[in-house]
Amino acid sequence: MSATMIQLGVDDCCNDAGLRSRISQTAKAPHTRIYVVMEDGLEVAFLALDQIPYVDYLVLYEIFVRTDCRGKGLGSRLLGEVESLAKALGYEKITLSPRPLEQGHSEEELIAWYKIHGYAERPNCPTELEKSIDPSGIRSRP
């Protein structure tokens with residue numbers, strides 16, 4: 001299955017009520033971009049990314065997969081999509097703060113999941129994780 005990320009504009013919203021509710025709770029900074037993830041014609045997830053110009057890292061602010069779509073590898077595939085986007089935008093790293101946003105998920109489990117995917121503690125910032133990527137893509141910062 002192939003997932004497609006669609007960036008939402010300022011006044012756009014998605015059709016799925018659960019995703020729409022979660023997106024409305026997401027803090028948005030000036031450089032935050034929200035992407036709805038489509039798979040087989042359905043909205044299955046969303047990503048919140050901070051695409052800050054003039055820094056060497058993309059911030060993965062939030063990744064949220066609908067409850068009924070979890071456990072099928074979608075989150076792992078989305079991390080790959082984020083890495084491809086970061087590379088295309090010319091970022092050298094992806095950073096994140098691994099904090100569970102729902103009950104039933106521990107911070108330790110979340111950190112372990114990101115570490116399986118190549119993330120490690122960010123130097124001088126033990127509450128954040130980062131992953132270096134090959135930035136040989138086209139530099140086109142937002």
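Reading the values: the criteria
- Residues numbered from 1 in each chain as written.
- Predicted model: local features only at pLDDT ≥ 70, side-chain atom pairs only at ≥ 80, totals over all residues.
- Heavy atoms only, no water.
- Helix = DSSP H or I, 4+ residues; strand = E, 2+ residues; numbered from the N terminus.
- Buried < 20%, exposed > 50% of the residue type's maximum accessible area, 1.4 Å probe, protein only.
- Contact = heavy atoms within 4.5 Å.
- 1 Å grid on protein atoms, 1.4 Å probe; cavity = no way out; pocket = protein on both sides within 12 Å on 5 of 7 lines; lining within 4 Å.
- Points joined across faces, edges and corners; volume = space filled by probe spheres on them.
- Nonpolar A, V, L, I, M, F, W, Y, C, P; charged D, E, K, R; others polar.
- pLDDT = per-residue confidence, 0-100.
- Lys, Arg positive; Asp, Glu negative; His and termini not counted.
- Salt bridge = Lys/Arg side-chain N within 4 Å of Asp/Glu carboxyl O.
- Polar contact = N/O pair within 3.5 Å; in protein donor to acceptor, adjacent residues only side chain to side chain.
- Core = buried A, V, L, I, M, F, W, Y, C linked by side-chain atoms within 4.5 Å.
- Pairing = 2+ DSSP bridges.

**Quick notes on the side chain of threonine 95**
Okay, step 1: Among the secondary structure elements, threonine 95 is positioned in strand S5 (residues 93–96).
Okay, step 2: On the basis of relative accessible area, threonine 95 is assigned to the buried category, the value being 3%.
Okay, step 3: With residues near it in sequence (within four places) discarded, threonine 95 still touches Tyr57, Leu58, Val59, Leu60, Arg122, Leu129 and Glu130.

**Some words on the layout of surface pockets**
Okay, step 1: Estimates place the volume of the largest pocket at around 880 Å³.
Okay, step 2: Along the walls of the largest pocket sit 35 residues, with Ile63, Arg99, Leu110, Trp113 and Tyr114 positioned nearest its centre.
Okay, step 3: Where the lining of the largest pocket is concerned, the elements lending two or more residues are helix H1 (17–25), strand S4 (57–65), helix H2 (74–89), S5 and helix H3 (107–116).
Okay, step 4: In terms of residue count, S4 provides more of the lining of the largest pocket than any other element does, seven residues in total.
Okay, step 5: Taken together, the residues that form the lining of the largest pocket break down as 16 nonpolar, ten polar and nine charged.

**A word on the confidence of the model for the protein chain**
Do not read the predicted coordinates in detail wherever pLDDT is low.
Okay, step 1: Across the protein chain, pLDDT averages 86, with 92% of residues at or above 70.
Okay, step 2: Mean pLDDT values for the elements of the protein chain range from 83 in strand S1 (residues 3–7) up to 95 in S5.

**What to know about the side chain of aspartate 50**
Okay, step 1: Structurally, aspartate 50 can be placed in strand S3 (residues 42–50).
Okay, step 2: An unpaired buried charge is present at aspartate 50: no salt bridge exists, and arginine 33, the closest side chain of opposite charge, is 7.1 Å distant.
Okay, step 3: A polar side-chain atom of aspartate 50 sits 2.5 Å from a polar atom in the side chain of threonine 32.

**A look at the nonpolar core**
Okay, step 1: Counting 26 residues, the largest nonpolar core has Leu47, Leu60, Leu74, Leu78 and Tyr114 as its most contacted members.
Okay, step 2: Among the elements of the structure, strand S2 (32–39), S3, S4, H2 and S5 are those that each provide at least two residues to this core.
Okay, step 3: Broken down by element, the residue count for this core peaks at seven residues, all from H2.
Okay, step 4: With residues up to four places along the chain from it excluded, the contact list for leucine 60 reads Leu47, Ala48, Leu49, Leu79, Val82, Ile94, Thr95, Leu96 and Tyr114.

**As for the environment of tryptophan 113**
Okay, step 1: Along the polypeptide, tryptophan 113 turns up in helix H3.
Okay, step 2: Taking C-alpha positions, tryptophan 113 is 9.7 Å from proline 98, a pair spaced 15 residues apart along the chain.
Okay, step 3: Apart from residues no more than four positions distant in its own chain, tryptophan 113 is found in contact with Gly75, Ser76 and Leu79.

**Looking at the pairing of S2**
Okay, step 1: Counting buried residues along S2, six of its eight residues qualify, which places the element largely inside the surrounding structure.
Okay, step 2: Direction of pairing for S2 relative to S3: antiparallel, over a ladder of eight bridges. In the strand pairing of S3, tyrosine 35 is matched with leucine 47.
Okay, step 3: Linking S2 back to S3 in an antiparallel pair, the connection comprises two residues, with aspartate 40 at a positive phi of about 55°.

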